[in-house]
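Structure assessment
Below are the chains, spelled out letter by letter.
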Amino acid sequence: MHRGVALAVLSVFVISNTSVAKPGKERWAVKTSVVTTGKHRSLSYEKFLALAQPEAPTGFDKDKDRFPGTAGEPSEGDIVTVHGWLQLVAFEKTASGDEDYHIQISASKDDGDNCIIVEAPNPDFIDDAALKQESSDIRLWVRTKLLHDPQKEPSSGGNKMIHPVYVTATGQLFFDASHKESGDPGGGRGKRGMNAGTVWELHPLTKLTFSKAPSS
């Protein structure tokens with residue numbers, strides 16, 4: 001057990017072998033796959049938040065195609081690694097939910113605002129065997145290392161960390177175009193009062209691990 005990890009007392013759900021949700025619709029093929037030819041980049045937290053909003057080229061199919069990068073910046077589909085303080089985990093299991101594990105990471109241990117959202121899809125909705133296993137492993141890691149019970153899911157409203165932990169997150173760079181809003185860089189997203197700092201996210205996650213926190 002990782003020393004110093006604790007959670008607020010929140011409701012959780014016992015894992016069921018039967019999934020009642022259905023795969024999402026908005027850009028679902030992109031959210032549950034990765035491009036093997038994508039570049040692997042490591043971005044600082046500040047660089048991640050500063051990524052420009054991409055423009056769709058002529059003939060672009062947002063449900064199948066990936067947004068190209070601008071002016072040499074990373075493209076959607078690149079595999080990106082980012083570091084930060086894990087502030088919250090949630091299980092998006094609602095009437096309209098797609099059963100993603102929704103995770104919020106921030107630049108500060110003491111402030112979860114301006115966060116980056118990273119997500120691990122339900123493995124049942126992933127076709128690629130390797131990616132399916134990676135998502136399954138990440139979700140088990142969340143339950144075991146953060147919730148301390150491999151048989152329980154995070155709450156839909158979000159389990160907020162009492163003592164945030166520093167992590168390294170790797171996954172596909174994904175532009176959540178459906179949440180793009182004028183004047184709001186995070187598209188109005190973020191749970192428990194922690195607003196997202198960008199519409200860019202990592203989805204799907206391919207790896208999530210504890211990491212050594214930077215010295216203060």
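Residues numbered from 1 in each chain as written. Predicted model: local features only at pLDDT ≥ 70, side-chain atom pairs only at ≥ 80, totals over all residues. Heavy atoms only, no water.

Turning our eyes to something else, we now look at the overall build of the chain. Along the chain, the regular secondary structure elements total three helices and eight strands. The order of α-helices and β-strands along the chain, N terminus first, is β-α-β-α-β-β-β-α-β-β-β. Considering only contacts within the chain whose residues lie at least 6 apart along the sequence, 73% involve residues at least 24 apart. Surface accessibility of the chain: about 10,500 Å² in total, with carbon and sulfur atoms responsible for 49%. (Helix = DSSP H or I, 4+ residues; strand = E, 2+ residues; numbered from the N terminus. Contact = heavy atoms within 4.5 Å. Areas by Shrake-Rupley, 256 points an atom, 1.4 Å probe, with all protein chains shown as cover.)

A regular strand carries its side chains on alternate faces of the sheet. The buried fraction of strand β5 (residues 116-120) amounts to five of the five residues, a majority that puts the element mostly inside the structure. Residues Ile116, Val118 and Ala120 of β5 are buried on one face, and the alternating residues Ile117 and Glu119, pointing to the opposite face, are buried as well. As paired strands, strand β4 (residues 101-106) and β5 are joined by five bridges and run antiparallel to one another. Bridged to Gln104 within β5 is Ile117. (Buried < 20%, exposed > 50% of the residue type's maximum accessible area, 1.4 Å probe, protein only. Pairing = 2+ DSSP bridges.)

Before going further, it helps to examine the nonpolar core. By size, the foremost hydrophobic cluster in this structure holds 36 residues, and its most contacted members are Phe48, Leu86, Ile103 and Leu208. Breaking this core down by element, the ones donating at least two residues are α2 (45-49), β3 (79-91), β4, β5, α3 (129-146), β7 (159-175) and β8 (200-210). In terms of residue count, the dominant contributor to this core is β7 (six residues). Those residues in contact with Phe48, other than ones at most four positions away along the chain, are Leu43, Val80, Val82, Ile116, Leu173, Thr198, Trp200, Glu201 and Leu202. (Core = buried A, V, L, I, M, F, W, Y, C linked by side-chain atoms within 4.5 Å.)

The next subject is the confidence of the model for the chain. Across the chain, the average pLDDT comes to 87, with 83% of residues at 70 or higher. The low-confidence segment residues 1-19, where pLDDT is below 50, has 44 contacts with residues more than four positions distant or belonging to other chains. (pLDDT = per-residue confidence, 0-100.)

Here we take up the pairing of β4. Burial analysis of β4 places six of its six residues in the buried class, the great majority of the element. Taking every second residue as pointing to the same face, both faces of β4 are buried, with Tyr101, Ile103 and Ile105 on one and His102, Gln104 and Ser106 on the other. Here six bridges tie β3 to β4, and the two strands are oriented antiparallel to one another. Counted as the bridge partner of Ala90 is His102 from β4.

Before going further, it helps to spend a moment on α3. The end-to-end C-alpha separation of α3 is 25 Å, in line with the 26 Å expected for 18 residues at 1.5 Å each. Buried within α3 are the following residues: Leu131, Ser135, Ile138, Arg139, Trp141, Val142, Arg143 and Leu146. Here the buried face of α3 lies against β3, β4, β5, β6 (152-153), β7 and β8. Within two residues after α3, His148 carries a phi angle of roughly 60°, on the positive side. (Expected span 1.5 Å × (residues − 1).)

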